[in-house]
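Structural overview
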Amino acid sequence: MHRAVLLLLSSLFFTGPIFAKDAPLLTPEQRFGNIAAAEEPSFRRHVVPLISRAGCSGRECHGSFQGRGGFQLSLFGYDFEKDHKQMTVNADGDEKQVRINRDQPAKSLLLLKGTNEEPHKGKERYKKGSWEYNLMLKWIQSGAKADVEATGEFGHLEITPKEIVFKRVGEKVQLRVLAHWKDGTVEDVTQLTRFRSNDDSVSVISPTGLVEAKDKGDTHVVAFYDNGVHPIPVMLPVSDKVGPKYPKLASAATSQVDQHVSAKLQKLGIIPSETCTDTEFLRRVSLDLTGTLPTPDQITSFLADKSASKRAAKVDELLKTSAYSAWWATKLSDFLGNNARVLRGNGQNNYGDKFSRQWYDWMKERIAKNEPYDKMMAGIILATGRTKPGQTYEEFAREMSGYFRAENPLNFAERPNMPYFWQRQNLQKAEDKALAFSHSFLGVRIECAQCHKHPFDQWTQNDFKSFQAFFEGVSYGTKGGVGKAPPSVPGETVTFASLTKEIKDAVPPDPKGTNQKALGNEFERRVKAGEPAPWQEVFATVRDSKGKLSEREIEQMKKKNPNFNGRVLTPRVLGGEEVMLKEYPDPRAPLMEWLRSAKNPYFAKAWVNRVWASYFNRGLVEPADDMNLANPPVNEGLMDYLADGFVKNGYNMAWLHKEILNSATYQRSWKPNDTNKNDEKNFSRFVIRRLPAEVVVDGITQATLSTERIASFRDDIENRAIGPNANAGRGGKGASNYSLNIFGKPVRETNCDCERTTDPTLLQTLFTRNDPELLSALEQAKGGAFVEEVRKATSPARSNKAELAQLELTIRKLEAKLKENPKGKEQLEAELKQAKEKFAKLQPVPSTEKSAPAKLEDYITQVFLRTVSRPPTAREIEQARTDLTAANSPAEGIRELLWAMLNTREFMVNH
């Protein structure tokens, strides 16, 4: 009885219809086509979506920051209060020009301008008497009420069909969009929905939701209504190899990865390429997993191995190398912004390089022991300067100095946490921290929501500010420095201020002012001795989660966005629930809980997507750091499988690598067939891609090293471009910042994976042709260059020239004696043989002699193995032999061949 009464009462306060589950749903045109019979429209559910669909609240019109003609709406209609106010006030203060005229609704500017009866730069948006016109007129006639609270919260969109697979160009399919509200209401909002296609060359969609096939391929069309964003897969097969005509593939059932990929390929009529060769796989997986070319010995050994499981065994082997942990620590440094130039130090003492190196080492050690990804990220996200509860400032300051002391420094990698992520100069504001956090750990770009609703996702400016609230209490500094003073420990006497005073007291006064250099020297003395020094620190404090922004904060926001209203904010995770921060000791703690929760749609997928992008030239979501509702995965089932498996396996990074690298999908050839020659996003073939900057530089170094040095190069991380020195801004041995920069090494200053580039440039070509750095690598005698090794093996030492001349004279005399005097023949012949053998050892083997071809072929093979990781073909050997024969010496010929191979596309790309 009570429930029936409540339902009846609730219906009296709601203007929109409540439909039975199986009742037919009328379209807006059917509901508002007849003005006399039309129901009262809802401001939120009907008026705002209609204005948005008509383009009135778009960025080119009234949704821009300046608005148009004094009329400004929120971009894409997310701020209902503001929009209603703008619609119901007089235009430019003119009482005759009212946007909404309740006394004479038909004379409202919203109708006159929309139909272009009054001059309107936006031209006609709807015709007089149309259902759109009637909807707006009926709303005004009904009092132009704002019903945001009455309508309740939006639920979700339901779109049919869920997927469109066309059969021919020109075929059309009509979408139907249903809006589900959390109060149980369901409406057909197809005609109130905005649509767009992610690729107009494949498929287009009309304003009414009519999808048309334009060409072969696949894309998504996206529906936008209220806070709902819903993508629908659309495809037109590229061949007739669909259904029963699709061939059976042995690789389709190899793994779950392959099954998901194959399911999509079958719909598209794409047949995957064959399996790559052993040499292609070894080069590919070595470069991808370790950033390192395989050595000639490794190639030879792998080719000789006939076991069926050798590829999986090679993946396991590479995961245990120092190069693996070094390369992926470098990649993580990219994603997290490890940049020495923005890591703040202490006054006059620049510790940026040292901090950056410690950050790198901390991650490398955890990658090497395969620490769970979530645990490693928690050590960064929840990090503070102090490493344990109750640690005094004096203990913290001594510990920090201990990492840099001259004798027996502490191992920073053994710290339980790593605070430098929050220490960067470009993360001084809470909004900067929110942007960096979402990019690094969620793979989400929310910059747009700082000022307006995100055009391709559900985030509004209020969502951004609610998310930003988590970072208001995260600071780096001290009392009087950045942020508030870190919480003190009871009874604590040593502070940043007291240690700073001690340093000042230890430095003789300077009549001209503070002796900054002397202060810096005293700071360094304390640090090297392992004594407490005034270190700044990362700390977190909990502010009132329901406290209003200060007047200063409101003013700062209004400078960026004049429409910001300074509302009370409660921290809220993206797409989730509000959080009462007072229940947590650290405002970041609920964020970490959210990242690990089953409801989190980003954390695991962001890492899976970046790993996939590292292996396939593009992510399942592309760009890899732009996960949003309008940019869905190209293979949603595959994304879900890998992300779920990653979590179920304890965020095991090695599991993720092996699951991908052991798949037939990863091991496909780069050579296309007729069905997949244009496929670059469904993983039917390996897409050739240029090597990353660090890998190019290391590859050149490795290819030119001596046989002895090349064996140890992989694990010589200190002198590798993929290692910590290049990571901290130094190129390391043989790797300058110049070479790394021209090949696209990221500077890590912005929240974008796009900082790393692999586009070819003229500077890269000039570098490999004649840059002194590359030419020096070819002749690096001190490092034991391969060319020098060939020169020594094929040329006599200069000091032996006189001996050679003497031996040649001796041989001639012995030959003359044998002709003149047959007596003592045996003795003379023995002496002649000995002289010739000695002469042969000192004499270089001319390329025209019979023994030269075999020797030269070995060198030619070495050059190919060192650069393109495969033996040369018979034709390549013959061509190279011809060129070497024409050279001044074998060493000179090998040098030219090595230079030529380093300039080939085959060397510069991973294939």
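Residues numbered from 1 in each chain as written. Predicted model: local features only at pLDDT ≥ 70, side-chain atom pairs only at ≥ 80, totals over all residues. Heavy atoms only, no water.

**Comments concerning helix 17 (residues 461-468)**
- Of all eight residues that make up helix 17, seven are buried, and the element is covered over most of its length.
- Inspection of helix 17 places Q461, D463, F464, K465, S466, F467 and Q468 among the buried residues, and these make up the whole buried set. (Buried < 20%, exposed > 50% of the residue type's maximum accessible area, 1.4 Å probe, protein only. Helix = DSSP H or I, 4+ residues; strand = E, 2+ residues; numbered from the N terminus.)

**Observations concerning the packing of aromatic side chains**
- By the definition in use, this model includes 42 aromatic pairs.
- Sitting above the plane of the F302 ring, K310 keeps its charged end 4.6 Å from the centroid.
- Here R866 stacks its cationic end above the ring of F786, 4.0 Å away from the centre of that ring. (Phe/Tyr/Trp six-rings, centres within 6.5 Å; stacked < 30°, edge-to-face > 60°. Lys NZ or Arg CZ within 6 Å of the ring centre and 35° of its normal.)

**Describing the pairing of strand 11 (residues 474-477)**
- Residues V474 and Y476 of strand 11 are buried on one face, and the alternating residues S475 and G477, pointing to the opposite face, are buried as well.
- With four bridges joining them, strand 11 and strand 12 (residues 537-540) adopt antiparallel strand pairing. The partner of S475 across the bridge, within strand 12, is F539. (Pairing = 2+ DSSP bridges.)

**Describing the packing of helix 12 (residues 322-336) against helix 22 (residues 603-616)**
- One can describe the packing of helix 12 onto helix 22 by two numbers: an axis separation of 12 Å at closest approach and a directional angle of 120°. Comparing the axis directions of helix 12 and helix 22 gives the class oblique. Considering how the two elements wind past one another, helix 12 and helix 22 form a crossing that is right-handed. Between helix 12, through W328, K331, L332 and F335, and helix 22, the contact on the second element is made entirely by W607, R610, V611, S614 and Y615.
- Considered class by class, the residues forming the contact of helix 12 with helix 22 number six nonpolar, one polar and two charged. (Axes fitted to C-alpha atoms, helices over the stretch in contact; angles between N-to-C directions. Parallel < 35°, antiparallel > 145°, perpendicular 65-115°, else oblique. Left-handed = near helix turned anticlockwise from the far one by under 90°. Contact = heavy atoms within 4.5 Å. Nonpolar A, V, L, I, M, F, W, Y, C, P; charged D, E, K, R; others polar.)

**Some words on the side chain of R311**
- With respect to the element layout, R311 can be found in helix 11 (residues 310-318).
- Within the structure, the side chain of R311 is placed 2.8 Å from the backbone oxygen of C276, a separation counted as a polar contact.
- With sequence-adjacent residues up to four places away left out, R311 is seen in contact with T275, C276, T277, D278, F281, F302, N662 and Q667. (Polar contact = N/O pair within 3.5 Å; in protein donor to acceptor, adjacent residues only side chain to side chain.)

**Some details on the sheet that holds strand 5 (residues 186-188)**
- Across the sheet, three strands lie side by side as 1-4-5; this open sheet has antiparallel pairing. Unpaired on one side and paired on the other, strand 1 (154-160) and strand 5 mark the two borders of the sheet. Geometrically, the sheet is characterised by an average inter-axis angle of 25° between neighbouring strands, direction not taken into account.
- As paired strands, strand 1 and strand 4 (residues 176-181) are joined by six bridges and run antiparallel to one another. In the sheet register, H156 faces strand 4, and the bridge partner there is H180.

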